[in-house]
Amino acid sequence: MFDTKQILAGLPVPVMVVDTDYRIALTNPPLLELFGYDPYGMNAVTLLRQAPVLAAIDQSIVDAVASDARFIFNGVSGEITYHFCAYPLTENGKVTGAVLSFEDKSQAEASDIIRRDFVANISHELRTPLTGLTGFIETLRTTARDDPDARERFLGIMEAEAHRMSRMVTDLLSLSRVQTDERVRPRNKTDVCAVLRSVIATLEGKLKDASVTVVTNGIDKTAVILGDRDQLIQLFLNLIENAIKYGGSAKSIHVSMSAVEYDRALRTSAFRIDVQDEGEGIDPLHLPRLTERFYRVDDHRSREMGGTGLGLAIVKHIINRHRGRLKISSNQDVGSCFSVILPTIQSEK
């Protein structure tokens, strides 16, 4: 009544059927895509070779019991983890073979790891200042109760730690929001140059306090994209504030905007915004990890400056939402350049 091959072809996961001699009798297109060729006629033992997987096949064929195992496939892009299932096929109470399926679990496992690391990082980031606050409170209630100098010093430290935790909570909420919105591409027209001018004006006080000047190039023009203005403001606030913090006092920050006729990675025309400082630069070893949550090049220095380790993670997700890309380059003792490349509105179809 039904065509078995068509049924297998309609399944979204890789599936094969083996007979009682472990010979592969049927395959489907996702299985061919998984292995890169059609293993029809091969012995499944030769193809799969992993002890837990072979034990699961044995159970289904020898004992007529459904079984599962973890299958690790070494592909071009690295290891992929599959949930392997073996289900016995029977006819008149006799086992005639087994259906073997592979469900990709790599993304789910990666998400679990990220979630565990995130909870561990949050716990560490909050436990340290909270432990300090608890100690200061205990000291103020006992030995420093009648010492006004110690009291003022401790209260100042407590205030700084409380502000840092508050910034962390704010950044966590921001990160959660931008991750939620990441799949939804903005639909409003926004002038990136106007955003840059607004951000620089907002940071005028911080620039003056740090004796830092901003040298601009091209931001007096108009560069309209499909973008979320509030998120773009947040993006460039993060980048320019970082340049102020790590670029050094009495230095300059260079903010420029240029049009890119064709960006190979984005496969379209784009606008490129460069935020370049004149700081110490960053060791190339750290560059690939800068946008990870809580990753810091200099943990102690970042904490002293009030950094939460979430700013560049927020930047990355905002750029992803705008279907752009972030390029980071740095030369030690020269400075770092953070380049934001955003597709032009003309590329929309």
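Details of the structure are given in the entry above.
Summarised in this report is the structure supplied together with it.

1. Thoughts on the overall build of the protein
For step 1, the next point in the chain: For the protein, the count of helices and strands is eleven helices and twelve strands.
For step 2, the next point in the chain: Computed over C-alpha atoms, the radius of gyration of the protein comes to 28 Å, more than 25% over the 20 Å expected from 2.2 N^0.38 for 349 residues, which places it beyond the range of a compact globule.
For step 3, the next point in the chain: Considering only C-alpha atoms, the protein reaches an extent of 90 × 65 × 35 Å along its principal axes.
For step 4, the next point in the chain: Residues classed as buried in the protein amount to 41% of the 349 residues present.
For step 5, the next point in the chain: Considering only intrachain contacts with a sequence separation of at least 6, the fraction spanning at least 24 residues in the protein is 60%.

2. So, helix H6 (residues 148–181)
Since one α-helical turn is 3.6 residues long, residues separated by three or four positions face the same way.
For step 1, the next point in the chain: With 34 residues, H6 should reach 50 Å at 1.5 Å per residue; the first-to-last C-alpha distance of 49 Å fits that figure.
For step 2, the next point in the chain: The N-capping residue of H6, defined by a side-chain oxygen 3.2 Å from the backbone nitrogen of aspartate 149, is aspartate 147.

3. Considerations on the nonpolar core
For step 1, the next point in the chain: In this structure, Val192, Leu235, Phe236, Leu239, Ile240 and Ile253 are the most contacted members of the largest nonpolar core, which totals 45 residues.
For step 2, the next point in the chain: Elements represented by at least two residues in this core include exactly H6, helix H7 (192–202), helix H9 (229–247), strand E9 (252–263), strand E10 (268–276), helix H11 (311–321) and strand E12 (335–343).
For step 3, the next point in the chain: In terms of residue count, the dominant contributor to this core is H9 (seven residues).
For step 4, the next point in the chain: Excluding residues within four positions of it along the chain, isoleucine 253 makes contact with Leu207, Val212, Thr213, Val214, Val215, Ile240, Ala243, Ile244, Val275 and Gln276.

4. Examining the pairing of E9
For step 1, the next point in the chain: The sheet contact formed by strand E7 (residues 213–217) and E9 spans five bridges and is parallel. Within the sheet, the bridge partner assigned to valine 214 lies in E9 and is isoleucine 253.
For step 2, the next point in the chain: Bridging between E9 and E10 involves eight bridges; their strand directions are antiparallel. What sits directly across from alanine 259, in E10, is phenylalanine 271.
For step 3, the next point in the chain: Linking E9 back to E10 in an antiparallel pair, the connection comprises four residues, with arginine 267 at a positive phi of about 60°.

Calculation notes
Residues numbered from 1 in each chain as written. Predicted model: local features only at pLDDT ≥ 70, side-chain atom pairs only at ≥ 80, totals over all residues. Heavy atoms only, no water. Helix = DSSP H or I, 4+ residues; strand = E, 2+ residues; numbered from the N terminus. Rg over C-alpha atoms; globule rule 2.2 N^0.38 Å. Buried < 20%, exposed > 50% of the residue type's maximum accessible area, 1.4 Å probe, protein only. Contact = heavy atoms within 4.5 Å. Expected span 1.5 Å × (residues − 1). Polar contact = N/O pair within 3.5 Å; in protein donor to acceptor, adjacent residues only side chain to side chain. Core = buried A, V, L, I, M, F, W, Y, C linked by side-chain atoms within 4.5 Å. Pairing = 2+ DSSP bridges.

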